[in-house]
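Observations on chain architecture
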Amino acid sequence: MSFSALASVDTLQDALDPVSALVDECKIRLNEDGLSIRAVDHAYVGMVDMHLTTSGFEAYEADGGVIGVSLDRLEDVLSMGDSGDLVSLDLNEQTRKLDIHISGLSYTLALIDPDSIRQEPDIPELELPARLVLTGDDIDYGITAADLCSDRITLRADKDGEAFHMEAEGDTDDVDLTFTNDDLLAGSVDEAAESLFSLDYLKDMSRAMDTDAEVSLLLGSEMPVKLRYSRNNGHVEVVNMLAPRIKSE
Amino acid sequence: MSFSALASVDTLQDALDPVSALVDECKIRLNEDGLSIRAVDHAYVGMVDMHLTTSGFEAYEADGGVIGVSLDRLEDVLSMGDSGDLVSLDLNEQTRKLDIHISGLSYTLALIDPDSIRQEPDIPELELPARLVLTGDDIDYGITAADLCSDRITLRADKDGEAFHMEAEGDTDDVDLTFTNDDLLAGSVDEAAESLFSLDYLKDMSRAMDTDAEVSLLLGSEMPVKLRYSRNNGHVEVVNMLAPRIKSE
Amino acid sequence: MSFSALASVDTLQDALDPVSALVDECKIRLNEDGLSIRAVDHAYVGMVDMHLTTSGFEAYEADGGVIGVSLDRLEDVLSMGDSGDLVSLDLNEQTRKLDIHISGLSYTLALIDPDSIRQEPDIPELELPARLVLTGDDIDYGITAADLCSDRITLRADKDGEAFHMEAEGDTDDVDLTFTNDDLLAGSVDEAAESLFSLDYLKDMSRAMDTDAEVSLLLGSEMPVKLRYSRNNGHVEVVNMLAPRIKSE
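Residues numbered from 1 in each chain as written. Chains lettered and ligands numbered in written order. Predicted model: local features only at pLDDT ≥ 70, side-chain atom pairs only at ≥ 80, totals over all residues.

**Some points on the interface of chain C and chain B**
The cut-off we apply is this: Think of it this way: build a C-beta for each residue from its backbone, and any pair within 7 Å is a contact. Runs of E in the DSSP output that reach at least two residues are strands. Runs of H or I that reach at least four are helices, and both are numbered from the N terminus. Note on residue classes: Ala, Val, Leu, Ile, Met, Phe, Trp, Tyr, Cys and Pro are nonpolar, Asp, Glu, Lys and Arg are charged, and everything else, Gly too, is polar. Paired strands are those between which DSSP finds at least two bridges.
Each partner contributes residues to the interface: chain C has 10 residues there, and chain B has 12 residues. Elements that contribute at least two residues to the side of chain C that touches chain B include exactly α2 (71-78) and β9 (105-110) of chain C. Classifying every residue of the side of chain C that touches chain B gives six nonpolar, three polar and one charged. Direction of pairing for strand β13 (residues 174-180) of chain B relative to β9 of chain C: antiparallel, over a ladder of four bridges. Bridge pairing in β9 of chain C links Val175 of chain B to Tyr107 of chain C.

**Observations concerning the sheet that holds strand β5 (residues 59-62) of chain B**
By way of backbone hydrogen bonds, the strands of a sheet pair with one another, either parallel or antiparallel. Filter applied, for reference: Only the stretch in contact is used when a helix axis is fitted, and all axes are lines through C-alpha atoms; the angle between N-to-C directions ranges over 0 to 180 degrees.
If you trace the nine strands from one edge of the open sheet to the other, you get β15(A)-β11(A)-β12(A)-β13(A)-β9(B)-β8(B)-β7(B)-β1(B)-β5(B), paired in antiparallel fashion. With one partner strand each, in any of the chains shown, β15 (193-198) of chain A together with β5 of chain B form the two edges of the open sheet. Across the sheet, the mean angle from the axis of one strand to that of its neighbour is 15°, orientation sign disregarded. Strand direction decides the pairing type here: strand β11 (residues 152-157) of chain A and strand β12 (residues 163-169) of chain A, joined by four bridges, are antiparallel.

**Digging into the relation of the copies chain C and chain B**
Rules: The copies were overlaid by least squares, fitting only the C-alpha atoms of residues that reach a pLDDT of 70 or more in each copy.
With an RMSD of 0.0 Å, the fit of chain C onto chain B corresponds to turning through 120° and sliding 0.1 Å along the axis. Here the two chains are linked by the operation of a three-fold rotation axis.

**Let's talk about the confidence of the model for chain A**
Using the following cut-off: Confidence scores here are pLDDT values: one per residue, from the predictor, ranging 0 to 100.
On average, residues of chain A carry a pLDDT of 96, and 98% of them reach 70 or more. Among the scores for the predicted complex, ipTM is 0.92 and pTM is 0.93.

**Here's the deal with the interface of chain C and chain A**
Across the contact, 12 residues belong to chain C and 10 residues belong to chain A. Contributing elements (two or more residues each) for the side of chain C that touches chain A: α3 (136-147) and β13 (174-180) of chain C. Considering every element that reaches the side of chain C that touches chain A, the biggest residue donor is β13 of chain C, with six residues. The residue inventory of the side of chain C that touches chain A, partitioned by class, reads five nonpolar, three polar and four charged.

**Some thoughts on unusual backbone geometry**
All names here are of chain B. For clarity, the cut-off: We call a residue exposed when 12 or fewer other C-beta atoms sit within 10 Å of its C-beta, buried when the count reaches 20 or more, and partly exposed for counts in between; the C-beta positions come from the backbone.
Of note in the backbone geometry, Arg96 takes a positive phi value of approximately 55° without being a glycine. Mapped onto the fold, Arg96 is located in the loop between β7 (86-92) and β8 (97-102). Accessibility expressed as a C-beta count within 10 Å gives 14 for Arg96, which makes it partly exposed. Even without being a glycine, Glu222 presents a positive backbone phi close to 50°. Inspection of the secondary structure puts Glu222 in the loop between β16 (214-219) and β17 (225-231).

**Here we look at the sheet that holds strand β9 (residues 105-110) of chain A**
Within the open sheet, the nine strands sit side by side as β5(A)-β1(A)-β7(A)-β8(A)-β9(A)-β13(C)-β12(C)-β11(C)-β15(C). Their pairing is antiparallel. Each edge of the open sheet carries a strand with a single partner, namely β5 (59-62) of chain A together with β15 (193-198) of chain C. Strand-to-strand twist of the sheet, defined as the mean angle between neighbouring strand axes without regard to direction, takes the value 15°. Against the sheet, α3 of chain C contacts β9 of chain A together with β11 (152-157), β12 (163-169) and β13 of chain C, and its axis sits at roughly 160° relative to β13 of chain C. Running over the sheet, helix α4 (residues 199-206) of chain C touches β11 and β15 of chain C and is turned about 90° from β15 of chain C.

**With respect to the packing of helix α1 (residues 9-20) of chain B against helix α2 (residues 71-78) of chain B**
Residues and elements named next belong to chain B. Formally: Small angles under 35 degrees read as roughly parallel and large ones over 145 as roughly antiparallel, with 65 to 115 read as roughly perpendicular and the rest as oblique. Left-handed describes a crossing in which the near helix is turned anticlockwise from the far one by less than a right angle; the clockwise case is right-handed.
Interhelical geometry of α1 versus α2 gives an angle of 155° and a closest axis separation of 10 Å. Between α1 and α2, the angle is such that the two are roughly antiparallel. α1 and α2 meet at a crossing whose hand is left-handed. Residues Val9, Leu12, Gln13, Leu16, Val19 and Ser20 of α1 form the contact with α2, whose own contacting residues are Leu71, Leu74, Glu75 and Leu78. For the contact of α1 with α2, a count of residues per class yields seven nonpolar, two polar and one charged.

Here is the structure:
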């Protein structure tokens, strides 16, 4: 197994943020076409599938191995650089450690045995009848609104595609944030769709969405929701999936 | 009872801040000439009397009813808007809820039975012989200074009107902040006046005073102090009253 | 004993910061040539020797007395002024208190009996074979790097003067920050030197070093390190000394 790469600090941070929002440690697949991470939280409710393509690197060489890393630790090391600084990553096969260099700084990061890390989830193929495109900022605003009165959020798309709703029902208060077609970046609704989700998970996921990210939200009825977006000028592609909660009515 | 109003977010925030500094819930009087709130803290030490006049609204209609609200919750909803955004408030008499709209956001706020809220205090008419006008910033500075060594503050006006003092005596240290006539915006002292107050209450009250607010401070000897100021270009008028503490000498 | 001085707020803050980083109270020597403070932390591991010369004052008069002060309290009072504001300090011999004035504010600070304060340490004369000059920013960066994986830091100078290292060995990870001759402001190494130190102490000391301070670091092998720098345009001179830790190998 060999791995050697050179990239800017912010590229690596942009790639890791969506993963560290859900898990503390993960397997990184060192594929020929770039780095890939798939992870699921300990309750198997939220998933992330991230790909950082080779075009995001200054230099990249890998042969398909898998390493396990502590994301906290790796992100702490990256935070020693300024966002444009170049970082080199080199796998030392003998020591099973990752050598990280940022200008005068050398950091030797101990790896984690991949077998000790929660297995990578399969991201199921689902037929989701509604697709709505919003900005990261829109999603964040809807979450903040729902959070005013509840710890759950209903995502709802009308059949005629005229509106998308982020709604919450609290014990005494209700909130409804409505997006008309004009508010959405795009949208197509083959069938009305409505599902209920845990707000905390959606909050964690949204933290890695840039304000101006174009987020595709794929929705069904009492189905998982898929959130798909890219960042770092398209070098980083992210898919989040979140299992629905059962309505207690 | 009917109530319907349209105003900017910051106007409503400017009106509610002075009240939420003292209490968590309050009655709001929906008078024809605007919104009025009178409230006293649970220890009956600090009072506030706030009036937001109809000229502060884009549209206003009310017939003298009274509603009870949770201030935290109402302020959280308002914080979803930017300061210039328009908010509409509509009382739904059937549900006894307040419908709040800020652009795409609809929030239904459950009201509180006014009878379950602490009774509105009478703000007594008092003959207070000293009147001094300071900025909100001055008052804040004096409170911070007193806080260095004590949890109480003495407000003192000299007979000749030459000086106003904010003073504190700690166990070992003392502090005295002196305002000469030149430091004051205005002042007239018919009789020397000096009273001792709890610093925490004054701190809470001062939090809603804008830095450049012109605050009229009416002082007597071992009497309550009255603080009168306006904000939001005069649309909001506030009177605070704070009971004195007995000197333990 | 008489003492009376006038200086800007930031001059006094610049003088006290390096001391308050290590101790809560200290003796201040009111010498004819300025204020001097020597102090050691309760574990006798870190020392500071600070001198604020008379040229840093607008006015200064002292005759060699010693006072004891609570640094927290004195710094809190200074924080009431803006950095360019003038502060007057006057010792009231009868009350044994220090009268502090910042524009309209008068603060009477109770002094502490100097005999109740930990004795001033002797700063030993040491032959330290390596001298390296770095910026305060460099030292701060090295400390942050070491902190990623350990609570101890090794400072190491190579014999040929080609490099200075700030290193740390954690349970699983290592870090090495290398400064070449080009990275250093100056350096002369008569003999290779390497010592291990507690990171927390060095962190506290570095907090008072300005980003662009030129810090002379005097290093030996298993010897204390000396850090010497000035601030406030040279009016404040500081020497820190830190005892080494024994390598547990």
